[in-house]
Amino acid sequence: MTELPARRLLLVHAHPDDESINNGATMARYAAEGVHVTLVTCTLGERGEVIPPELRHLAGPALGAHRRGELAAAVRELGVTDARLLGGAGRYGDSGMMGIADNEDPGCFWQADVDAAAGHLAEVILEVRPQVLVTYDDRGGYGHPDHIQAHRVAMRAVELADERGHRIAKVYWNRMPRSVAEAAFARLQDELPVLPFDKGATLDDVPGVVDDERVTTSVDGTAFASAKAAAMRAHATQIDVAEPYFALSNALAQPLFTTEYYEAVRGAAQPGETDLFAGVEEAVA
């Protein structure tokens, strides 16, 4: 295997498009800095709602195959070359939104055995040996079953990797400080009449909003705003982008954040931390 760069970052997401919305600027920045960025996506999003009328014929496996192509295009925009599907393509199906019959499908990710799924992820960890892992909190950001399961699988894989000889120095959960979100939505309301979306979302529509003191780390990806927007546009079935805003299938405008925020849950965060790798060299020496 080719020797990997000294700094290595692993991100675990539920569906194609989650990576670009949540961490696109972070991924683009670190990739540009020479960090080895690995993305593991847990499903192909076969049950996603399709926005463009000309693509609404896509559903099930056909939609999953199309979204796999969108994911490949998105990571190219971000400069990321190591993107994988958990357990291989089609191993775990999209579970749909919480509380619907699709959650009971034995092939969906929500029904997956956590230890088995975490075993697949642990293999990636042991191969790449990342110092930093990013995923969702225990609510999956906003309660989607696949996001919750991705959190469970990622955190269990961290434990399994520990047992097998590789300790990830820092683990982060995606976050959004309440004050930042409130200010962004105030601007959104002023600009909404000129946007090509029906109406504005609210803070309840933004995953991971927490009180500011929960946020330990900010990554300024302003220089990579265009890369993040391009990656989001690549997910054309799921996202409509009109910088600096976007909308999902509900047509509710949301801010497109280019500084991305995190809460350190393993590894001490430095005061005012602006680098996911802060202190890592000492932690893994």
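Starting afresh in each chain, residues are numbered from 1 along the sequence in its written order. Only residues with pLDDT of 70 or above have their local features reported here, since the model is predicted, and side-chain atom pairs are shown and tallied only from 80 upward, although totals for entire chains, interfaces and linings are computed over all residues. Based on all heavy atoms of the structure, the side-chain values leave hydrogens and waters out of the count.

Student: How would you explain the overall build of the protein if you had to name every residue and give the values?
Tutor: Helix and strand content of the protein: seven helices and 12 strands. In terms of overall size, the protein behaves like a compact globule, its C-alpha atoms giving a radius of gyration of 18 Å where 285 residues would be expected to give roughly 19 Å. Taking the principal axes of its C-alpha atoms as reference, the protein extends roughly 55 × 45 × 35 Å. Put simply, the protein has 285 residues, and 55% of those count as buried. Only heavy atoms enter the contact rule, under which two residues are in contact if any of them lie within 4.5 Å. Within the protein, contacts between residues separated by at least 24 positions form 79% of all contacts whose residues are at least 6 apart in sequence. All accessibility values rest on the Shrake-Rupley procedure with a 1.4 Å probe; residue burial counts only the protein chains present in the view. Summing over all exposed atoms, the protein offers an accessible surface of approximately 12,000 Å²; the carbon and sulfur share of this is 50%. Positive: Lys, Arg. Negative: Asp, Glu. His and the chain ends are not part of the count. Charge positions are represented by NZ for Lys, CZ for Arg, CG for Asp and CD for Glu. Distance from the positive charge centre (25 side chains) to the negative charge centre (43 side chains) of the protein: 3 Å. Numbering of helices and strands runs from the N terminus, with a helix taken as a DSSP run of H or I at least four residues long and a strand as a DSSP run of E at least two residues long. We take the radius of gyration over the C-alpha atoms and set the globule estimate at 2.2 Å times the residue count to the 0.38 power. Three exposure classes are used, based on accessible area relative to the maximum for each residue type with a 1.4 Å probe and protein chains only: buried under 20%, partly exposed in between, and exposed over 50%.

Student: I'd like a rundown of the environment of T202, residues and numbers included.
Tutor: Mapped onto the elements, T202 comes out in the loop between strand 6 (199-200) and strand 7 (209-210). For T202, a relative accessible area of 41% translates into the label partly exposed. Spatially, the C-alpha atom of T202 lies 31 Å from that of G69, the residues being 133 residues apart in sequence.

Student: Explain the pattern of salt bridges to me, using residue names and the numbers behind them.
Tutor: For salt bridges, the criterion is a side-chain nitrogen of Lys or Arg within 4 Å of an Asp or Glu carboxyl oxygen. In total, this model carries 21 salt bridges according to the counting rule given. A salt bridge links E127 to R84; the nearest nitrogen and oxygen atoms lie 2.9 Å apart. One end of the pair, E127, is in helix 3 (residues 114-128); the other, R84, is in strand 3 (residues 82-85), with 43 residues separating them in the sequence. Note on R84: relative accessible area 22%, which makes it partly exposed.

Student: I'd like to hear about the UniProt feature "binding site: Zn(2+)" (unreviewed entry) in the protein, residue by residue, with values.
Tutor: Per the UniProt annotation, the sites labelled "binding site: Zn(2+)" (unreviewed entry) are H15, D18 and H147. Considering the C-alpha atoms alone, the annotated residues occupy 133 residues of sequence yet fold into one spot, their largest mutual distance being 9.4 Å. Excluding its chain neighbours within four sequence positions, the residues that come into contact with H15 are T41, T43, G45, R67, D94, H144, D146 and H147. The topology assignment puts D18 in helix 1 (residues 18-32). Contact partners of D18, with chain neighbours within four places excluded, come to H13, N23, Y136 and H147. UniProt positions are given in the numbering used here, feature names are shortened, and annotations may be inferred rather than shown by experiment.

Student: Give a detailed account of the packing of aromatic side chains, specifying residues and quantitative values.
Tutor: Ring pairs are drawn from Phe, Tyr and Trp, using the six-membered ring of Trp, whenever the two centres fall within 6.5 Å, and their geometry is named by plane angle: stacked under 30 degrees, edge-to-face over 60, tilted for the rest. A full pass over the atoms with the stated rule returns three aromatic pairs. Residues Y30 and F277 carry aromatic rings whose centres are separated by 5.5 Å and whose planes lie at 70° to one another, so their mutual orientation is edge-to-face. Taken together, the residues span a long stretch of sequence, with Y30 in helix 1 and F277 in the loop between strand 12 (259-266) and helix 7 (280-284) at a distance of 247 residues. Residues Y172 and Y262 carry aromatic rings whose centres are separated by 6.1 Å and whose planes lie at 70° to one another, so their mutual orientation is edge-to-face.

Student: Run through the packing of helix 1 against helix 2 (residues 60-78), naming residues and quoting values.
Tutor: Inter-axis angles, ranging from 0 to 180 degrees, are taken between N-to-C directions of lines fitted to C-alpha atoms, where helices are fitted over the stretch in contact. Contact geometry for helix 1 and helix 2: axes closest at 8 Å, N-to-C directions at 40°. Judged by the inter-axis angle, helix 1 sits oblique to helix 2. Side by side, helix 1 and helix 2 meet where E19, S20, G24, M27, A28 and A31 of the first sit next to L71, A74 and L78 of the second. By residue class, the composition of the contact of helix 1 with helix 2 is six nonpolar, two polar and one charged. Comment on the angle field: the value is read as roughly parallel under 35 degrees, roughly antiparallel over 145, roughly perpendicular from 65 to 115, and oblique elsewhere. Basically, the charged four are Asp, Glu, Lys and Arg, the nonpolar ten are Ala, Val, Leu, Ile, Met, Phe, Trp, Tyr, Cys and Pro, and anything else, Gly included, counts as polar.

Student: Just give me the short version of the pairing of strand 1 (residues 8-13), but keep the residues and values in it.
Tutor: In terms of burial, strand 1 is a largely internal element, six of the six residues being buried. Residues R8, L10 and V12 of strand 1 are buried on one face, and the alternating residues L9, L11 and H13, pointing to the opposite face, are buried as well. Here strand 1 pairs with strand 2 (residues 36-41) via six bridges, running parallel. In the sheet register, H13 faces strand 2, and the bridge partner there is T41. At least two bridges found by DSSP between two strands is the condition for calling them paired.

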